[in-house]
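Given next are the chains, with one letter for each unit.
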Amino acid sequence: MFNLNDIIRPNVLKMRAYSSARDEFKGAASVFLDANENNLGSLAGEGFNRYPDPHQKKLKSRIAEIKGVRPEQIFLGNGSDEAIDLLFRMVCRPGQDSMLHLPPTYGMYEVSANLNEVEMQAVQLTADFQVPVEEVLLQVKSETKIIFICSPNNPTGNLIEAESIEDILESFHGLVVVDEAYIDFSDEPSWTTRLKEFPNLVVLQTFSKAWGMAGLRLGLAFASEELITVLDKIKPPYNINESTQALALEALEREEALKDMVEEIVQERELLLQSLPDLPTVEQVYPSDANFILVKVKDADGLYKFLLGKGIVVRNRSSLPGCEGCLRISVGTLEENQELLKAIAEF
Ligand SMILES: Cc1ncc(COP(=O)(O)O)c(C=O)c1O
């Protein structure tokens, strides 16, 4: 049985959150002399002299409506990278506990584990980039506190089979983090729809991809209310800045535009998926449910440099085990994709 309190670090269980000036005073007032702000104004623009809402109430309530969850099930981070780091700090005792991830996958799980002195257990994805569930469960030990599953996976682009994720959620009594940074580009439903069934499920999403807000740094974690309360307790109090909160609220009113943009990116992705296999240097094009495509080519280093020479930068993933000979290519605009295809054809 999964019991959240059994896996939270004892120091985290015991600690109290920082109480900010805005937490201690909640009524109406006209003179604010409680937070050591600059009451003369701001050199950056109106309103920026005040600290932002530490609980991001307006933003969470709007996100909750759109995502079909309760505001209490949402944690907002300075990018989902912040959520990844806080999850480690919440449950992994440095020098004692471990996490399990499934390479080739997103690199920040490893970086964050190293920073937090958390041992890394790696189980390679299968040849078709799926999760070898039995092997994962065999590797689990009492110190394993988190399993990271990225779906659609970066850098491979594919969705992880729902059955595999379900099996792990049912059999593993630590946190199962399903990173859905690219879910908006897929037709599959989000795992946020399954939160009720699995108290050990944490779903990560981000505004950096489909919403086009990478520069603002806004990531999300969805989980049980109990778990979100702990993340909120340990986060830096003002982790989402004022301009991010304000601009994200505006963006959330443009859902139609989001749909149009996602549709266009998916259409461009499908065109690339059709055109790339015809190029002589291309050996394999992997299926993608994301806004990028993993492509195996005859000479990845050579093609990478050739494209750079033409002013086109893609990601060389050929040194990653499982991605030998592969480049990861983000879907661009129609013109950019045409330029890319033309350049690869010239190689
Ligand atoms: C799978 C995955 N998760 C998380 C992130 C980070 O997202 P954010 O910009 O919200 O920190 C990325 C960014 O590339 C990613 O690929």
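Reading the values: rules and limits
Residues numbered from 1 in each chain as written. Predicted model: local features only at pLDDT ≥ 70, side-chain atom pairs only at ≥ 80, totals over all residues. Heavy atoms only, no water. UniProt positions renumbered as here; feature names shortened; annotations may be inferred. Helix = DSSP H or I, 4+ residues; strand = E, 2+ residues; numbered from the N terminus. Rg over C-alpha atoms; globule rule 2.2 N^0.38 Å. Buried < 20%, exposed > 50% of the residue type's maximum accessible area, 1.4 Å probe, protein only. Near = heavy atom within 4 Å. Polar contact = N/O pair within 3.5 Å; in protein donor to acceptor, adjacent residues only side chain to side chain. Areas by Shrake-Rupley, 256 points an atom, 1.4 Å probe, with all protein chains shown as cover. Nonpolar A, V, L, I, M, F, W, Y, C, P; charged D, E, K, R; others polar. Phe/Tyr/Trp six-rings, centres within 6.5 Å; stacked < 30°, edge-to-face > 60°. Domains from an automatic or database assignment. Contact = heavy atoms within 4.5 Å. Buried area = accessible area lost by both parts, 1.4 Å probe. Salt bridge = Lys/Arg side-chain N within 4 Å of Asp/Glu carboxyl O. Axes fitted to C-alpha atoms, helices over the stretch in contact; angles between N-to-C directions. Parallel < 35°, antiparallel > 145°, perpendicular 65-115°, else oblique. Left-handed = near helix turned anticlockwise from the far one by under 90°. Pairing = 2+ DSSP bridges.

Taking an unreviewed UniProt entry as the reference, the protein chain is identified by name as Histidinol-phosphate aminotransferase belonging to Pontibacter akesuensis. Quoted verbatim from the Subunit (unreviewed entry) field of the UniProt record, the comment on the protein chain reads "Homodimer." According to the UniProt record, the Catalytic activity (unreviewed entry) comment for the protein chain reads "L-histidinol phosphate + 2-oxoglutarate = 3-(imidazol-4-yl)-2-oxopropyl phosphate + L-glutamate".

Student: I'd like a description of the overall build of the protein chain, backed by residues and values.
Tutor: Regarding its fold elements, the protein chain presents 13 helices and 11 strands. Its C-alpha radius of gyration of 22 Å places the protein chain within 12% of the 20 Å reference for a compact globule of 347 residues. With respect to the principal axes defined by its C-alpha atoms, the protein chain has extents near 70 × 50 × 35 Å. By the burial criterion, 49% of the 347 residues in the protein chain qualify as buried.

Student: Hey, could you go over the site of the ligand for me, with residue numbers and the actual values?
Tutor: Every one of the 13 residues lining the ligand counts as a neighbour, but Ser80, Asp179, Tyr182, Thr206 and Ser208 are closest to it. Asp179 places a side-chain nitrogen or oxygen 2.6 Å from a nitrogen atom of the ligand. Between Tyr182 and the ligand, the recorded distance is 2.7 Å, taken from a side-chain N or O atom to an oxygen atom. Its free accessible area being 400 Å², the ligand has 92% of it covered by the protein chains. Taken together, the residues that form the shell around the ligand break down as four nonpolar, five polar and four charged.

Student: I'd like to hear about the packing of aromatic side chains, residue by residue, with values.
Tutor: Here the structure, examined in full by the defined rule, presents nine aromatic pairs. Residues Tyr51 and Tyr238 carry aromatic rings whose centres are separated by 4.4 Å and whose planes lie at 20 degrees to one another, so their mutual orientation is stacked. Placement of the pair is Tyr51 in the loop between α3 (21-24) and α4 (57-67) and Tyr238 in the loop between α9 (225-234) and α10 (242-251), with a sequence separation of 187 residues. Judged by relative accessible area, which is 23%, Tyr238 ranks as partly exposed.

Student: Please provide a residue-by-residue account of the domain arrangement of the protein chain, values included.
Tutor: In terms of domain boundaries, the protein chain breaks down into domain 1 (4-25 + 52-251) and domain 2 (256-346). One C-alpha centre belongs to domain 1, the other to domain 2; they are set 28 Å apart. Contact with domain 1, which involves 18 residues of that partner, is made by 20 residues of domain 2. Summing both partners gives a buried area of about 1,500 Å² for domain 1 against domain 2, and 66% of it is carried by carbon and sulfur. Three residues stand out in domain 1 for area buried against domain 2, namely Phe129, Pro155 and Phe185, and they jointly supply 39% of the buried area on that side. Here domain 1 is connected to domain 2 by zero salt bridges. At the boundary of domain 1 with domain 2, the tally comes to five residue pairs in polar contact (both at pLDDT 80 or more). Counted by class, the side of domain 1 that touches domain 2 contains nine nonpolar, seven polar and two charged residues.

Student: Residues and numbers for unusual backbone geometry, please.
Tutor: For the peptide bond that leads from Pro103 to Pro104, omega is 0 degrees, which places it in the cis range. Here the residue pair Asn154 and Pro155 is connected by a cis peptide bond, since its omega of 15 degrees sits within 30 degrees of zero. For Pro155, the location among the structural elements is in the loop between β4 (144-150) and α8 (162-171). Backbone geometry at Glu117 places phi at a positive 55 degrees, although glycine is not the residue there. Along the chain, Glu117 turns up in the loop between α6 (108-115) and β3 (119-122). If you check the backbone angles, Phe129 has positive phi at about 60 degrees while not being a glycine. Tracing the backbone through its elements, the reader meets Phe129 in the loop between β3 and α7 (133-139). Residue Phe129 is classed as buried on the basis of its relative accessible area, which comes to 5%.

Student: Would you mind going over the UniProt feature "modified residue: N6-(pyridoxal phosphate)lysine" (unreviewed entry) in the protein chain in detail, with residue names and values included?
Tutor: Here the UniProt-annotated "modified residue: N6-(pyridoxal phosphate)lysine" (unreviewed entry) positions come out as Lys209. Tracing the backbone shows Lys209 in the loop between β6 (201-206) and β7 (219-222).

Student: Summarise the packing of helix α5 (residues 80-91) against α6; cite the residues concerned and give the values.
Tutor: Between two packed helices, both the angle of their axes relative to each other and the distance between the axes serve to describe the pair. Relative orientation of the contacting elements α5 and α6 amounts to 40 degrees, with a least axis distance of 9 Å. Classified by the interaxial angle, the pair formed by α5 and α6 is oblique. The two elements α5 and α6 cross, and the hand of that crossing is right-handed. Listed contacts from α6 to Asp81, Ile84, Asp85 and Phe88 of α5 are Met108, Tyr109, Ser112, Ala113 and Leu115. Looking at the contact of α5 with α6, its residues break down into six nonpolar, one polar and two charged.

Student: If you had to explain the sheet that holds β7 to someone new, which residues and values would you point to?
Tutor: Read across the open sheet, the seven strands follow the order β1-β7-β6-β5-β4-β2-β3; overall the sheet is mixed. The open sheet has two edge strands with one neighbour each: β1 (74-77) and β3. Looking at each pair of strands side by side, their axes are set apart by 25 degrees on average, direction ignored. When strand β2 (residues 98-101) meets β4, the two strands line up parallel, connected through three bridges. Within β4, the position partnered with Ser98 by the bridge is Thr144. Sheet strands touched by α4: β1, β6 and β7. Its angle to β1, the strand with the most contacts, is close to 120 degrees.

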